[in-house]
Each structure stands twice: as structure tokens, then as C-alpha cells.
Amino acid sequence: MESWPPGGSGPAEAGRRLRGLRGADLAASASLLSGAGAEAGCSAPAVAAVLPAGGSGERMGVPTPKQFCPILERPLISYTLQALERVSWIKDIVVAVTGENMEAMKCIIQRYQHKGISLVESGVTRHRSIFNGLKALAEDQPNCRLSKPEVVIIHDAVRPFVEEDVLLKVVTAAKEHGAAGAIRPLVSTVISPSVDGCLDHSLERARHRASEMPQAFLFDVIYEAYQQCSDYDLEFGTECLHLALKYCHIKAKLIEGSPDLWKVTYKRDLYAAESIIKERISQQICVVMDTKEDEEHVGHRLEEMLKNELNHVKVTSGRDLQQIILEQCYNFVCVNVMTSDFEETQKLLNMLEESNLSILYPVVVISVQFLDYESVPFGQKMENLMQIREFAKQVKKRNILLYGLLVYYPQDEQKLQESLRQGATIIAALIKERNSGLIGQLLVA
Ligand SMILES: Nc1ccn([C@@H]2O[C@H](COP(=O)(O)OP(=O)(O)OP(=O)(O)O)[C@@H](O)[C@H]2O)c(=O)n1
Ligand SMILES: O=C(CO)[C@H](O)[C@H](O)COP(=O)(O)O
């Protein structure tokens, strides 16, 4: 086994040093795992992940297996893959899917540009699916580009919100202890019924925990456990940590996980997952203005109003648009003060289309016009603005949701204030909801 880092007393030493990671510690430890510590003489453990994704999702109660159910039109499993593949030190990801869904899975990988994924056929139970994934990683598999890792992460394909810090903690603890897994406090008390359907006994809730995912193992430990375990285990077992204990006498280290690690199981979990994703991608709004006039201008006043309406959201403007797109901002408000056409909006849409930003999440663009009767006749303005329906249809194909907003611009200061407030409320709602039924509409504030 490789020493990590050299000079320490092996895995245990490394684990002790990396316990309780936060901030800079996390970055430093992650760089050890990604190999960035090589110059300093550290050798990183090779880490791979196995994702069981061969279930039928009976409890979800829909014909599509839950891992393929769409959230904002993208299959759930793609979110989980994205969460794992953005972790630079995970070298390989093996996904176990049924033969029936193999082609669908290949299409998902291609469409959402996932990298470093290998597919294996799943088994009839979760344990059998995991075992198949491990076999693909084990040494001496013919025609296989995979190599045996030192540490393997096991993570359900239906837990999309796994973060790098918990992955790092379980991997580090697995290096030290042989096995590790995320846990959560129990929400409900666990009771044991007797055969007559009456209470036999109840467990003391504070002394027990819910076992969640991710889990990580020294590869040799978990592979040995799976090779030794009985058909009964493979058929009815639900806990990989237990296999390591039963067959390899390894007591797994338990790591407190976040509430977002829960497993999507019922239909309501899809709604919860969608809400979490929508909230995450609504945290930044970029305001693009066709004027750089003074702070008192109506466009800037709308921007200020938006900042008040969404006080926890970062509202940026006047910065390099390419850079903002690179930083993965998924919400744009294009404020047209000078013109009543879509020239500025079109420029923005072209940039977004070229950037591929919308491959993973729908990007919202709201084109704002001011209804100022004095500058352009209303009829002519509306004729121009109705083009938005066609633009919206076109860009929807690229997962860009384009909406129009007309803000009434009266002379009366109080009424103007009210229109701007209403405009900011509509913008906030469009961004939070990402309703594709409203694309191409001209909403009026
Ligand atoms: N034969 C199986 C059964 C389950 N899984 C996977 O194991 C994970 C967790 O299992 P679970 O939530 O029980 O999924 P399902 O078996 O699909 O759900 P249900 O029990 O409701 O049918 C899921 O990613 C699921 O796809 C698997 O790879 N192979
Ligand atoms: O959380 C777990 C980890 O130990 C479960 O055992 C795992 O997710 C399997 O779920 P299920 O029993 O529903 O297939």
C-alpha cells in the first residue's frame, strides 16, 4: 500500500492529520488527493466511485426508474454524476445500470457531456449491482480501461446533492479505518413490532443514527467482503458498512453528513430536489443595461429595486459578461432603456448560445422594456416587441427561457416607484419559478 504522506506512520497518521476539515484545510487535503501534493513528496490514493443505478424505483410509483426522472428536464442521475465528476481527485466513476437502460444511460452521458464514466450491467439487488461495479474495478479484468483504486466510494445514483467536503471526509476516514460512511440523526424513532402487529420494543432514538451515503472503503476490504458474503446478504442486505464489519472485521468510521444527502425515494422527493436546484441556480443575477447613464436613471432604479426584493441574491452589472457567464450565472435581466427592440437581448442570447452554459441548467433571460408613451408610439412598440414569441421559441431549444417584461413609465414619481417595485417582483418570480409555460410572454408591471 502507498504511504500517504511519506514520513508519517502510514494511513492512520494521514487520517489523523486530516480529521475535522474546513476551509483552507479542505483545499489542502483535496490537493493531496488530486495529486497536487506530488512535488512535496506526497502520493495520493487512487480514488474511484461506484454508483448503483439499476433499481426500478417502485416506491416512486411512476413507470420511469427514479434515477432517470427529469428534474428541470434533466435526468436525476445526471445531477449525481455532475456532483462526482467535478471532484478532481475521483479518477473513475462506474455506473451500474440494467441492460434495458444501457442505451438511455449512454445518451445521457453524451448529451450532458459527462466524463470518465464507465458502465456495467446492474444486478437484481442493490448489493449485486455494487458488486458488479467493484468487479469492473478489480485487477485483471480483460478489455477494461479501469484500474484498481486504493479507495472506492460507493454512492447511490439517487442522492444528487453530495458535496466534495463529505466525499473527502469519508475517503480520508476510509484510508485510516478501512471503511467510513455518512450518517444523519434519526428523524423518527425506530420501533420493532411483534408478529401480532403490536409494539415489541422501541429503540432509544438518541443512541441510533440513519446510515446514508456516500460511503468509502479501502478497495481490498470491500471487494473481499463482497466476495465472501452469502447469497442471503446479496439478496436482502442493505448496508455495505455491515458487510465490511461482518466479513473483514472493519469497524467503519461514521461521519456526520448534511441533510441534503437524503435519498430520493418518493415522488415528493423529486419536488424537493427541484426546489433545491432552483434555489441554488437563482443565487446570482446579472443585469445588462443598454445605457451607462447616471445612477438616477430608471434602469438603475430597477436594479436597486431588484437588490431590495432579493436581498440574499448577488445582483451584478457593468462587469465583463463573458466572465460572468464563465462564473456560471444562470439569470440575466436585459434592461432596454434607449431602444424598443431586442438588439441588446439578441447579443446576450448569442453569447449564451455560444457558451454552452445552458447544457446543465435552464438559463433565464428577461428582456425589460419601458412603456414610455411619449418616445415611441405604443402600436409600433408592440409590433416590435411581439417578436419575442419567436425568439423565445428558438432559444428554448437551447434550454434558454426568454421572457418579456413591460414596465409602465409614468411621469408621476409615486406611480413609477410602484411600477418598478412590481417589475422587480415579477423578475424575482420568473427567476425562482423558471416556468417554461410563460416563455415568450410580455408581462406588464
Ligand atoms: N437492483 C438494484 C436496486 C437498486 N439499485 C440502486 O440502488 C440505489 C438505492 O436503492 P433504492 O433507493 O432502494 O432504489 P430502488 O430499488 O430503485 O427503489 P425502490 O426500492 O423504491 O424500488 C438506487 O440508485 C438504485 O438505482 C441498483 O443499482 N440495483
Ligand atoms: O442508505 C443506505 C446506506 O446504508 C441504504 O442501505 C441504501 O441507500 C439502500 O437503500 P435501499 O435499502 O432502499 O435499497
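Residues numbered from 1 in each chain as written. Chains lettered and ligands numbered in written order. Predicted model: local features only at pLDDT ≥ 70, side-chain atom pairs only at ≥ 80, totals over all residues. Heavy atoms only, no water.

**Observations concerning the overall build of the protein**
Reasoning step 1: Of the regular secondary structure elements, the protein holds 16 helices and 17 strands.
Reasoning step 2: Out of the 445 residues in the protein, the part that is buried amounts to 50%.
Reasoning step 3: For the protein, long-range pairs separated by at least 24 residues make up 76% of all intrachain contacts whose partners lie at least 6 apart in sequence.
Reasoning step 4: In the structure as shown, the protein presents an accessible area of about 21,500 Å², 50% of it carried by carbon and sulfur atoms. (Helix = DSSP H or I, 4+ residues; strand = E, 2+ residues; numbered from the N terminus. Buried < 20%, exposed > 50% of the residue type's maximum accessible area, 1.4 Å probe, protein only. Contact = heavy atoms within 4.5 Å. Areas by Shrake-Rupley, 256 points an atom, 1.4 Å probe, with all protein chains shown as cover.)

**What about helix H11 (residues 298–309)?**
Reasoning step 1: Taking 1.5 Å of rise per residue, twelve residues should cover 16 Å, and H11 covers 16 Å from first to last C-alpha, within 8% of that figure.
Reasoning step 2: Along H11, the positions that sit buried rather than exposed are Val298, Gly299, His300, Leu302, Glu303, Met305 and Leu306.
Reasoning step 3: Those residues of H11 that are buried are in contact with strand S12 (284–289), strand S13 (314–317), strand S14 (331–336), strand S15 (363–371) and helix H16 (413–433). (Expected span 1.5 Å × (residues − 1).)

**Some remarks on the site of ligand 1**
Reasoning step 1: Around ligand 1 sit 19 residues, and of these Gly54, Gly57, Glu58, Lys66 and Ser129 come closest.
Reasoning step 2: Lys66 has a polar side-chain atom sitting 2.7 Å from an oxygen atom of ligand 1.
Reasoning step 3: Ser129 places a side-chain nitrogen or oxygen 2.7 Å from a nitrogen atom of ligand 1.
Reasoning step 4: In the complex, the protein chains occlude 88% of the 560 Å² of accessible area that ligand 1 would expose alone.
Reasoning step 5: For the shell around ligand 1, the class distribution of residues is five nonpolar, eight polar and six charged. (Near = heavy atom within 4 Å. Polar contact = N/O pair within 3.5 Å; in protein donor to acceptor, adjacent residues only side chain to side chain. Nonpolar A, V, L, I, M, F, W, Y, C, P; charged D, E, K, R; others polar.)

**Brief notes about the nonpolar core**
Reasoning step 1: Among the nonpolar cores identified, the biggest contains 71 residues, and Trp89 and Ile90 are the most heavily contacted of them.
Reasoning step 2: Looking at this core element by element, the count peaks at seven residues for helix H6 (residues 164–177).
Reasoning step 3: When residues no more than four places from it in sequence are discounted, the contact partners of Ile90 are Val47, Ala48, Ala49, Leu84, Ile153 and Leu167.
Reasoning step 4: Listed in part, the 70 residues of the second largest apolar core include Phe161, Val298, Leu405 and Ile439. (Core = buried A, V, L, I, M, F, W, Y, C linked by side-chain atoms within 4.5 Å.)

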